[in-house]
Amino acid sequence: MTPIRDCMTSPVISVDAQATISTAAKLMCEKKISALLVKDGEDYVGIITKTDFVKKVIAEDRDPKTTNVHSVMSKPILSKNPYILQSEANEFMLRNKVKHLVVAQGKEIMGILSTRDLVSRGG
């Protein structure tokens, strides 16, 4: 079985916590990704995903041009080290009901693992 470092997406793309949902959505479309890490200064403080857009912006009838990322991001950031196996990451993601997992070694964020990464690479 393969460690998650071999199937994660890297480098990590992030958005400022004060950016609007509209800005974040455009960045995700431009980069063809389904999640962004959220930064406040130099610190990662959360993650914003397409699911957050649907459940916390569209379903709650919020304006994406005035709603900031910080108000709808998911937190805390869930992470695992790059050497765990895909099967362990998959089980962790299922148990925590998340589709994106941050891959980190200590405080260094190395990438993001999505359920799509696991499926496309046989995890």
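Every residue gets a number counted from 1 within its own chain, in the order that chain's sequence is written. Side-chain atom pairs in this predicted model are given and counted only at pLDDT of 80 or more, local residue features only at pLDDT of at least 70, and totals for whole chains, interfaces and linings cover all residues. By convention in this description, side-chain values take in all heavy atoms of the structure and omit both hydrogens and water.

Focus: the nonpolar core
- Counting residues in each nonpolar core, the largest one holds 16 residues, and the members touching the most others are Val15, Ile21, Leu36, Val38, Ile48 and Val69.
- The way it works is that DSSP assigns letters per residue, a run of H or I at least four long becomes a helix, a run of E at least two long becomes a strand, and they are numbered from the N terminus. Counting residues per element, this core draws most heavily on helix H1 (residues 21–31), at 4 residues.
- Excluding its chain neighbours within four sequence positions, the residues that come into contact with Val38 are Val15, Asp16, Ala17, Asp43, Tyr44, Val45, Gly46, Ile47, Ile48, Val69 and Met73.
- Residues enter a nonpolar core if they are buried and are Ala, Val, Leu, Ile, Met, Phe, Trp, Tyr or Cys, with the set joined through side-chain atoms within 4.5 Å. Burial here depends on accessible area, computed with a 1.4 Å probe over protein chains only, as a share of the maximum for the residue type. Under 20% is buried, over 50% is exposed, and the range in between is partly exposed. One finds Cys7, Met93, Val103 and Leu118 within the second-largest nonpolar core, a separate group that totals 11 residues. Should any heavy atoms of two residues lie within 4.5 Å, those residues are considered in contact.

With respect to the sheet that holds strand S6 (residues 108–114)
- Strands are treated as partners if at least two bridges between them are detected by DSSP. Pairing within the open sheet is mixed, and its 3 strands lie in the order S4-S5-S6. Either end of the sheet is taken by a strand with one partner, and the two such strands are strand S4 (79–80) and S6.
- Bridge count for strand S5 (residues 100–105) against S6 is 6 bridges, and the pairing is antiparallel. Across the sheet, the residue bridging to Ala104 is Ile109, located in S6.
- Here an axis means a line fitted to C-alpha atoms, over the contact stretch when the element is a helix, while the angle between two N-to-C directions is reported on a 0 to 180 degree scale. Across the face of the sheet, helix H3 (residues 86–96) comes into contact with S4, S5 and S6 while running at roughly 130° to S5.

Concerning H3
- For H3, the complete set of buried residues consists of Gln86, Ala89, Phe92 and Met93. Here the buried residues of H3 occupy an arc of 125° about the axis, which is enough to place them on one side. In H3, those exposed residues whose orientation departs by more than 90 degrees from the buried face are Leu94 and Arg95.
- Tucked into the core, H3 has its buried residues touching S4, S5, S6 and helix H4 (115–120). Summarising the geometry, the arc corresponds to the directions from the helix axis toward the C-beta atoms.

With respect to the environment of Ile77
- With respect to the helices, strands and loops of the structure, Ile77 is situated in the loop between helix H2 (50–58) and S4.
- Between the C-alpha atoms of Ile77 and His100, which are 23 residues apart in sequence, the distance is 9.6 Å.
- Non-local contacts of Ile77, meaning those with residues more than four positions away in its chain, are made with Leu37, Tyr44, Val45, Gly46, Ile47 and Val102.

Overview of the pattern of salt bridges
- What makes a salt bridge here is a side-chain nitrogen of Lys or Arg within 4 Å of a carboxyl oxygen of Asp or Glu, nothing more. Applying the stated rule across the entire model yields 4 salt bridges.
- A salt bridge links Glu91 to Arg95; the shortest N-O distance between them is 3.5 Å. Of this pair, Glu91 and Arg95 both sit in helix H3, 4 residues apart, roughly one helical turn.
- You can call Arg95 exposed: its relative accessible area is 53%.

Here's the deal with the pairing of strand S2 (residues 35–40)
- A large share of S2 lies buried, amounting to 5 of its 6 residues.
- Bridging between strand S1 (residues 14–16) and S2 involves 3 bridges; their strand directions are parallel. Of the residues in S2, the one forming a bridge with Asp16 is Lys39.
- A right-handed crossover is one whose linking path, passing over the helix from the first strand to the second, runs clockwise when the strands point away from the viewer. What joins S1 to S2 is H1, and the crossover it makes is right-handed.
- As paired elements, S2 and strand S3 (residues 43–49) share 6 bridges and run antiparallel to each other.

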